[in-house]
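# Results of the structural survey
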Amino acid sequence: MTWQNRIVGYTEEKPDQLLAHYANTNSHTNEQREALKALLDDVGIVQNVIVNDRTGRLVDGHLRIEEAISADLKKIPVTHIDVSE
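Source: prediction; values computed, not measured.

Moving on, we come to the overall build of the chain. Assigned secondary structure in the chain consists of two helices and four strands. Along the chain, helices (α) and strands (β) appear in the sequence β-α-β-β-α-β when read from the amino end. C-alpha extents for the chain along the principal axes are approximately 40 × 30 × 25 Å. Residues counted as buried form 27% of the 85 residues belonging to the chain. Across the chain, the fraction of contacts at a sequence separation of at least 24, relative to all contacts at a separation of at least 6, is 83%. Accessible surface, the chain as shown: approximately 6200 Å² in total, 50% of it carbon and sulfur. For the chain, the distance from the average position of its 9 positive side-chain charges to the average position of its 14 negative side-chain charges is 5 Å.

So, how was this worked out
- Residues numbered from 1 in each chain as written.
- Predicted model: local features only at pLDDT ≥ 70, side-chain atom pairs only at ≥ 80, totals over all residues.
- Heavy atoms only, no water.
- Helix = DSSP H or I, 4+ residues; strand = E, 2+ residues; numbered from the N terminus.
- Buried < 20%, exposed > 50% of the residue type's maximum accessible area, 1.4 Å probe, protein only.
- Contact = heavy atoms within 4.5 Å.
- Areas by Shrake-Rupley, 256 points an atom, 1.4 Å probe, with all protein chains shown as cover.
- Lys, Arg positive; Asp, Glu negative; His and termini not counted.
- Charge placed at Lys NZ, Arg CZ, Asp CG, Glu CD.

Keep in mind that these numbers describe shape and distance, not what the molecule does.
See the structure below:
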């Protein structure tokens, strides 16, 4: 079996320019939000957010984007993928 690589690239993007996925149903508690903020403040970014190039929308990383906007970050690392909706 061969796995198809759906990753098509990596960039750094302005977090306020990335679009949330309309079907994202994740809602994070205040405890989760504070834990992520503390981790980002202490360790920094260790995982890219993921954007589907076909839709231009986030697949993963909605809360990280919200925190990046709150922290006034100018850029955030993005993995671009090509998958159907």
